[in-house]
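# Descriptive structure summary
Letter by letter, the chains look like this.
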Amino acid sequence: MTHQITDKCIGCTVCAKKCPVGAIPGELKSLHTIDPAECIDCGLCGKVCPQDAVLDEKGNQLHKRPQFDWDEPYVDRSICTGCGICVETCPMSCLEIEGPKFHGDIHTAAILTKPDECIDCRLCAKACPIDAISFDTFEYPRHHTKSFSHFRTFCRVYQGVFKVGMYAIPWGMPETLEGPGSIRKLPAWIREKGFDNVLVVTDKGLLGLGMLDSMFEEMDKAGVKYTVYDGVQPNPTDINVRDGLQLFRENNCQAIVAFGGGSPMDCAKGIGATAVKKGKTVEQLQGLFKVLHRIPTIFAVPTTAGTGSETTVAAVITNARTHHKASMNDTSLMPKFAVLDPELTAGLPPKVTSTTGMDALCHAVEAYTNNTYNSKLEKELCEKAVKLIYDNLYTAYCDGSNLEARANMQKAAFYAGRAFTRGCVGYVHAIGHTLGGLYGTPHGLAMSVILPHVMRQFGDAAHERLARLADICGIEGKNDAQKAHKFIDWIEDLKAKMDIPEKLDVIQDKDIPQIIAWAKKEANPLYPVPVVWAENDFRTLIENIRIDPPPQI
């Protein structure tokens with residue numbers, strides 16, 4: 001069955017004039033018919049019919065749609081082989097096979113060269129033998145092209161101005177106490193720095209495992225008074241910050257010891273910020289440089305090797321009421337001191353080791369591919385972090401008692417955290433934060449799943465930087481594109497060996513608009529990502545990272 005014209009037709013001949021193959025002979029003021037032998041089922045007649053008098057090949061009524069609402073094909077360059085079938089199929093000759101970009105380039109792909117003539121027939125997608133063309137993952141609608149182009153320009157100008165401002169910011173790095181058993185030296189270090197009354201911010205799990213016991217013993221010996229707040233949740237909330245601040249004030253604490261993963265550290269930073277910005281809520285302090293006061297000194301003690309929070313200026317806090325997860329960013333939030341004791345990470349389960357290690361890798365890769373804000377230091381830190389992770393993460397995953405691998409992973413997380421403090425993260429984090437806020441998805445797991453998908457979607461805009469990381473790791477390839485793809489392949493292979501899923505099953509259809517809105521708000525215009533994404537780029541990514549979405553409630 002092909003398209004048909006019903007008796008609603010008034011014989012206006014609009015469809016006959018528009019038909020690209022002359023399948024509608026139509027006479028003025030006469031009921032039109034469609035020649036089934038000529039019809040290609042492009043649907044253009046239905047889009048232009050003012051009377052809605054056309055049925056599609058399934059017998060469904062087609063409605064007139066303004067041209068600005070027609071969609072364009074999106075060609076996935078990472079899949080397209082340049083076979084040309086779509087070019088031959090297109091009735092409007094809108095597609096072409098692009099030529100080589102450099103001498104010896106054998107990777108060609110179809111491109112849309114005449115977007116104004118595209119009729120949204122979707123025949124190219126139907127004809128493509130490898131599903132490299134789609135219409136629900138296009139870059140952005142035609143009628144948004146100009147406005148999005150302006151927005152993209154605004155983002156780049158904003159980032160250029162911000163880059164200049166970076167040189168006026170007093171970047172630093174925490175002073176460190178390193179090596180096995182260094183946690184037992186912390187209390188004396190605290191006294192040496194002039195403090196004798198601290199708030200210890202941690203979670204009930206770590207406290208219950210007795211991981212703080214040796215530190216408490218040494219604090220008693222050193223005469224350091226301590227108050228414990230152990231109510232931090234896996235994704236710390238504004239309520240956690242409020243409760244911790246209350247203990248800090250009630251016990252006249254002078255400094256804060258953040259003991260644990262990124263969650264206790266972020267909570268400690270939130271407590272410090274709200275302690276000096278009296279009357280301000282966490283939500284009011286989220287964003288850029290809204291603290292601008294020296295906060296109580298933080299001693300950061302990481303028990304995972306991933307977040308790098310011991311050396312960052314960010315604190316990611318979730319609003320307990322709305323579940324919106326956002327970051328406050330201010331140089332005053334960077335801990336002054338950090339304890340890197342690999343013995344504290346030796347007991348981590350393999351699953352935690354893998355996802356936190358992938359989080360560190362995500363920090364380094366995103367900061368490196370962003371590049372805009374980086375100084376020479378940040379580039380070097382990214383490169384060192386990636387090489388350390390390449391050499392040590394799987395070893396630490398397989399043998400948690402290997403203190404050398406554990407120490408190297410702590411150092412990698414420290415380097416990567418300091419690198420993205422200036423270089424910024426990107427869309428991996430922007431989307432991952434929304435999943436943590438909406439579904440409680442562990443941060444490291446979200447980063448692990450999303451990272452390779454985002455890097456592939458950036459395409460050749462990220463190839464040069466990823467190729468450089470491949471070189472550093474000893475991953476060989478004939479050119480930048482091949483090296484970049486092999487580097488991403490390594491990430492995916494490593495995930496598979498560590499039993500990390502390729503996709504997630506928590507994302508619900510009803511939440512996608514909210515996920516996109518929050519991710520766009522976080523990332524644009526601040527994050528200097530290789531490619532500025534429009535709404536449908538985010539949709540593409542979301543569809544690529546989810547499986548079996550649960551039914552809407």
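Residue positions are given per chain, counted from 1 along the sequence in the order it is written. Owing to the predicted nature of the model, reporting of local features is limited to residues with pLDDT of at least 70; listing and counting of side-chain atom pairs is limited to 80 or more, with chain, interface and lining totals taken over all residues. Derived side-chain values reflect all non-hydrogen atoms in the structure, with water molecules and hydrogen atoms excluded from consideration.

### Description of the sheet that holds strand β2 (residues 54-55)
Within a sheet, each strand pairs with its neighbour through backbone hydrogen bonds, oriented either parallel or antiparallel. Inclusion rule: Being paired, for any two strands, means DSSP has found at least two bridges between them. Counting from the N terminus, the helices are DSSP H or I runs at least four residues long and the strands are E runs at least two residues long.
Spatially, three strands are ordered β1-β2-β3 in an open sheet, and the strand pairing comes out antiparallel. The sheet is open, and its two borders are formed by β1 (4-5) and β3 (61-62), each paired with just one other strand. One ladder, built from two bridges, connects β2 with β3; its direction is antiparallel. Along β3, the bridge assignment pairs valine 54 with leucine 62.

### Brief notes about the confidence of the model for the chain
How we decide: Predictor confidence is given residue by residue as pLDDT, running from a minimum of 0 to a maximum of 100. In what follows, residue pairs with any heavy atoms lying within 4.5 Å of each other are defined as contacts.
Predicted confidence across the chain gives a mean pLDDT of 91, with 94% of residues reaching 70 or more. Throughout residues 137-144 the model reports pLDDT below 50, and contacts reaching past four residues in sequence, or to other chains, amount to 22 contacts.

### A look at the packing of helix α12 (residues 350-370) against helix α16 (residues 443-458)
Test applied: Each axis is a line fitted through C-alpha atoms, taken for helices only over the stretch in contact, and angles between the N-to-C directions span 0 to 180 degrees. Roughly parallel covers angles under 35 degrees, roughly antiparallel covers those over 145, roughly perpendicular covers 65 to 115, and oblique covers all other angles. For any pair of crossing helices, the crossing counts as left-handed if the nearer helix is rotated counterclockwise from the farther one by less than a right angle, and right-handed if it is rotated clockwise.
Remark: α12 packs on α16, axes separated minimally by 8 Å, with the N-to-C direction vectors making an angle of 40 degrees. Taken together, the axes of α12 and α16 are oblique relative to one another. Crossing geometry of α12 relative to α16 is assigned as left-handed. Contact with α12, carried on its side by Thr355, Met358, Asp359, Leu361, Cys362, His363, Val365, Glu366 and Thr369, involves His443, Gly444, Leu445, Met447, Ser448, Leu451 and Met455 of α16 and no other residues of that element.

### Some thoughts on helix α10 (residues 262-276)
Side chains that are three or four residues apart share a direction in an α-helix, a result of its 3.6 residues per turn. Inclusion rule: Expected helix span is given by 1.5 Å per residue-to-residue step, counting one fewer step than there are residues. Think of it in three bands: residues with accessible area under 20% of the maximum for their type are buried, residues over 50% are exposed, and the middle band is partly exposed, with areas taken using a 1.4 Å probe on protein chains only.
For α10, which comprises 15 residues, the first-to-last C-alpha distance of 22 Å matches the rise-based estimate of 21 Å (1.5 Å per residue) to within 8%. Burial analysis of α10 places 14 of its 15 residues in the buried class, the great majority of the element.

### Looking at the state of the cysteines
Just so we agree on the cut-off: The disulfide criterion used throughout: a pair of cysteine sulfur atoms within 2.5 Å.
A complete count under the given rule lists zero disulfides for this structure. Between cysteine 9, a free cysteine, and cysteine 15, which holds the nearest cysteine sulfur, the sulfur-to-sulfur gap is 6.1 Å. Among the cysteines around cysteine 473, which has no disulfide bond, cysteine 382 carries the closest sulfur, lying 12 Å off. We classify cysteine 473 as buried; its relative accessible area is 8%.

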